[in-house]
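Residue strings, one per chain:
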Amino acid sequence: MRPFDVEAPVFWVGAVTLALLFVWLLWIVLAGLRVWVLGNGRLVSTRLGKWAVVTGATDGIGKAYAEELARRGFAVMLISRSQEKLDDVSRSLESQYKVETRTIAVDFASADIYPTIEKGLAGLEIGILVNNVGISYPYPEYFLNIPNLNNFVNTVINVNITSVCQMTRLVLPKMVERSKGVILNISSASGMYPVPLLTIYSATKAFVDYFSRGVHAEYKSKGIIVQSVLPFFVATKMTKIRKPTLDKPTPERYVSAQLNTVGLQSQTNGYFPHAVMGWFTTILVPVNVVIYFAMQMHKAQRAGYLRRRKQC
Ligand SMILES: NC(=O)c1ccc[n+]([C@@H]2O[C@H](COP(=O)([O-])OP(=O)(O)OC[C@H]3O[C@@H](n4cnc5c(N)ncnc54)[C@H](OP(=O)(O)O)[C@@H]3O)[C@@H](O)[C@H]2O)c1
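Residue indices begin from 1 for each chain and proceed along its sequence in written order. Totals for whole chains, interfaces and linings use all residues, but because this is a predicted model, local features are given only for residues with pLDDT of at least 70 and pairs of side-chain atoms are given and counted only at 80 or more.

Re the overall build of the chain
Line of reasoning, step 1. Here a helix means four or more residues in a row that DSSP labels H or I, a strand means two or more in a row labelled E, and each is numbered from the N terminus. Each helix and strand in the chain was counted, giving 9 helices and 7 strands.
Line of reasoning, step 2. Taking the principal axes of its C-alpha atoms as reference, the chain extends roughly 85 × 55 × 35 Å.
Line of reasoning, step 3. Exposure criterion: with C-beta atoms placed from backbone coordinates, a residue whose C-beta has 20 or more other C-beta atoms within 10 Å is buried, one with 12 or fewer is exposed, and one in between is partly exposed. Every one of the 312 residues in the chain was classed for burial, and the buried ones make up 35%.
Line of reasoning, step 4. Residue pairs qualify as contacts under a 7 Å threshold applied to their C-beta atoms, which are placed from the backbone. Considering only contacts in the chain between residues 6 or more positions apart, those separated by 24 or more positions represent 72%.

Next comes the structure, spelled out in structure tokens:
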């Protein structure tokens, strides 16, 4: 056999492989530019419907969604625990953005609040629902050592999981009737892999991610967008981060970036530096390594917390 006969197939396999790699990389870069540079900022507008509904709307990320949606002209239904805080946010939105607001004060830790919410939402043309309410651990802890474990399990499941399913049950039918609507479910990067010492939180957020992607697949042909949003750290009361940085943004900065991704990604980290972190921790690093480092980080945080508590 002449050398040419052997080299030709090898040459073509190599050339086709390189060409495919190039096309794949180009696709990733173009898709990245579409999401993170051009964005889809105009999709979330009052063309979807007059009202925005936000759960956990009196602080952090939820409050930032309520503000941004009011700035875009939505009338806003604010749902949270404390009537006093709801009234504050409501007054501020009405005076700053001249939009209508309503409030429902309920504790999502209870499972019997949904008739009250259903009554409050009756007759509203809801364009967007933000299932934002969520709680985490007071500090990282081993499953069996979580204070008041029985109660904690029920509370976290009700706030983080039941709220998302029940609010979707209440809002989705009218969206389907009108063939339009957006539901944003705030999961967490902690739902992308198991996070030891925040195990229940992490597992509830994995549920939210799977639920969102499943419902999206079921209803996208009916004109409905259900997006799973998985932030890494955002500077809020929950994370106790007081000084925002590039990778730990303010809720306002996070929300404005996240809304650009609606309609472009059914599952998103919502903010470019978080997308890079998501890509790194799911594609480049084996999941067992991520779990190991999360365990070490949370063991150190737990020890610090327990030490400080002893000193008090
Ligand atoms: N911050 C982050 O780094 C981060 C990262 C990933 C995912 N997330 C997710 O993003 C969402 C918002 O987090 P956040 O950091 O903005 O939280 P946050 O600052 O603690 O605010 C939570 C909001 O939910 C309300 N809320 C809490 N428990 C409630 C209950 N049982 N019933 C009714 N309302 C309740 C709070 O009202 P009160 O003021 O009355 O407590 C507050 O308005 C959560 O689902 C969280 O898991 C956050």
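Moving on from the coordinates now.
Here's the deal with the site of the ligand
Line of reasoning, step 1. Within the structure, the ligand sits among 29 residues, and Gly 56, Gly 60, Gly 134, Thr 236 and Met 238 are positioned closest to it.
Line of reasoning, step 2. Element by element, the count of residues in the shell around the ligand is highest for helix H2 (residues 60–71), at 3 residues.
Line of reasoning, step 3. Residues are grouped as follows: nonpolar covers Ala, Val, Leu, Ile, Met, Phe, Trp, Tyr, Cys and Pro; charged covers Asp, Glu, Lys and Arg; every other residue, Gly included, is treated as polar. For the shell around the ligand, the per-class residue count stands at 12 nonpolar, 12 polar and 5 charged. Throughout this description, a residue near a molecule or strand is one whose C-beta atom, derived from the backbone, lies within 6 Å of it.

Brief notes about the sheet that holds strand E4 (residues 126–131)
Line of reasoning, step 1. For two strands to be treated as a pair, DSSP must find no fewer than two bridges joining them. The strand order across the open sheet built from 7 strands is E3-E2-E1-E4-E5-E6-E7, with neighbouring strands paired in parallel fashion. The open sheet has two edge strands with one neighbour each: strand E3 (101–105) and strand E7 (267–268).
Line of reasoning, step 2. Where helices are involved, their axes are fitted lines through C-alpha atoms of the stretch in contact, as for all axes, and angles between N-to-C directions lie from 0 to 180°. Along the sheet face, H2 touches strand E1 (51–55), strand E2 (75–80), E4 and strand E5 (181–186) and points at about 170° away from the line of E1.
Line of reasoning, step 3. Strands in contact with helix H5 (residues 149–178) are E1, E4, E5 and strand E6 (224–229); relative to E4, the strand with the most contacts, it is inclined by about 165°.

Some remarks on the UniProt feature "transmembrane region" (unreviewed entry) in the chain
Line of reasoning, step 1. UniProt positions are given in the numbering used here, feature names are shortened, and annotations may be inferred rather than shown by experiment. According to UniProt, the "transmembrane region" (unreviewed entry) feature falls on residues 12–37, 182–203 and 276–295.
Line of reasoning, step 2. As a span, residues 182–203 carries 23% helix and 23% strand, and end to end its C-alpha atoms are 24 Å apart.
Line of reasoning, step 3. As annotated, residues 276–295 comprises 90% helix and 0% strand, and the C-alpha atoms at either end are separated by 21 Å.

Thoughts on the packing of H2 against helix H3 (residues 83–97)
The geometry of a pair of packed helices is captured by two quantities: the angle between their axes and the separation between those axes.
Line of reasoning, step 1. Two numbers describe how H2 lies on H3: the axes approach to 10 Å, and their chain directions differ by 25°. Taken as axis vectors, H2 and H3 run roughly parallel relative to one another. Seen from above, H2 lies across H3 with right-handed handedness. In this structure, H2 contributes Lys 63, Ala 66, Glu 67, Ala 70 and Arg 71 to the contact, and H3 contributes Val 89, Leu 93 and Tyr 97.
Line of reasoning, step 2. Residues of the contact of H2 with H3, tallied by class, amount to 5 nonpolar, no polar and 3 charged. Note on angle classes: values under 35 degrees are labelled roughly parallel, values over 145 roughly antiparallel, values of 65 to 115 roughly perpendicular, and the remainder oblique. In this scheme the handedness of a crossing depends on how the near helix is turned from the far one: anticlockwise by less than a right angle means left-handed, clockwise means right-handed.

Thoughts on the pairing of E1
The two faces of a sheet get side chains in turn, since along a regular strand they alternate between them.
Line of reasoning, step 1. For E1, the buried fraction is high: 5 of the 5 residues fall into the buried class.
Line of reasoning, step 2. The side-chain alternation of E1 yields two buried faces, one formed by Trp 51, Val 53 and Thr 55 and the other by Ala 52 and Val 54.
Line of reasoning, step 3. Summarising the sheet, E1 and E2 pair through 5 bridges and their orientation is parallel. Bridge pairing in E2 links Val 53 to Met 77.
Line of reasoning, step 4. In this fold, the crossover linking E1 to E2 by way of H2 has right-handed handedness. The crossover handedness rule: strands pointing away from the viewer, path from first strand over the helix to second strand clockwise, crossover right-handed.

Considering the packing of H5 against helix H6 (residues 199–219)
Line of reasoning, step 1. With their axes 9 Å apart at the nearest point, H5 and H6 run at an angle of 15° to one another. On the basis of their axis angle, the class for H5 and H6 is roughly parallel. You can see that H5 and H6 cross each other, and the crossing is right-handed. Note on element contacts: H6 touches H5 through Ile 200, Tyr 201, Thr 204, Lys 205, Phe 207, Val 208, Phe 211, Val 215 and Tyr 219, opposite Val 153, Val 156, Ile 157, Asn 160, Ile 161, Val 164, Cys 165, Thr 168 and Val 176.
Line of reasoning, step 2. A per-class count over the contact of H5 with H6 returns 14 nonpolar, 3 polar and 1 charged.

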